[in-house]
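Residue strings, one per chain:
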Amino acid sequence: MDFHELIQTFNTRLGLDNEINEEGIYPFEIDDLKFTIINLSENNQVAFLGDLGLPPTTEVYGFLLQSQYLFKNTNGATFSLDPDTGNIILCQVLPLQLLDANAFIALAEQFVNTLEGWSTILKNYRPEPPATSDHSSPSNAFFNNDILLV
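Attention in this report is confined to the structure presented alongside it.

What counts, and at which threshold
- Residues numbered from 1 in each chain as written.
- Predicted model: local features only at pLDDT ≥ 70, side-chain atom pairs only at ≥ 80, totals over all residues.
- Heavy atoms only, no water.
- Buried < 20%, exposed > 50% of the residue type's maximum accessible area, 1.4 Å probe, protein only.
- Helix = DSSP H or I, 4+ residues; strand = E, 2+ residues; numbered from the N terminus.
- Pairing = 2+ DSSP bridges.
- Phe/Tyr/Trp six-rings, centres within 6.5 Å; stacked < 30°, edge-to-face > 60°.

## Quick word on the pairing of strand β5 (residues 88-95)
Then, number 1: Burial within β5 is extensive, with six of its eight residues counted as buried.
Then, number 2: Across seven bridges, strand β3 (residues 45-51) lies against β5 in antiparallel orientation. Paired with Leu49 across the two strands is Cys91, which belongs to β5.
Then, number 3: In the sheet, strand β4 (residues 78-81) pairs with β5 via four bridges, with the strands oriented antiparallel. What sits directly across from Phe79, in β5, is Leu90.

Dropping the structure here:
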């Protein structure tokens, strides 16, 4: 399926009427979170982007980098910063040729669940005090309880 067919099926199944703009961008909001699907036609890929807003503190950057190590806590997505706004962006790029409608919708749902989880984590983020002698990693406080299981 091509990008337009996937989006058409996505709209139909979810009861949406959003449209792809002329740049191949399909934006919408879910529970006050900005979620965008982008057609990367030159690479035959599709990208999911979620806007997580401004970083709550500068200490969050190290936490985010540690949390995306081997994609364990991001379900395959990565974090970046929007160069125009400074907002934290969660992004996942997928090969279009491997996606049928069911896989596309399932992966979009997984991405939105991950986005919602990270939105909650960042809203509640408080930097940990400096590590004690047990050399705990900053991510232990958030991920030992499997908060992002989907």
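## A look at the packing of aromatic side chains
Then, number 1: Throughout the structure, instances matching the rule amount to 12 aromatic pairs.
Then, number 2: Measuring from ring centre to ring centre gives 6.0 Å for Phe10 and Tyr26, while their planes differ by 85 degrees; the resulting arrangement is edge-to-face. Of this pair, Phe10 sits in helix α1 (residues 3-14) while Tyr26 sits in strand β1 (residues 25-30), and the two are 16 residues apart along the sequence.
Then, number 3: A ring pair is formed by Phe10 and Phe28, whose centres lie 5.8 Å apart and whose planes are at 50 degrees; its orientation type is tilted. Highlighted residues: Phe10 in helix α1 and Phe28 in strand β1, separated in sequence by 18 residues. No difference in accessibility class separates Phe10 from Phe28, as the two residues are buried.

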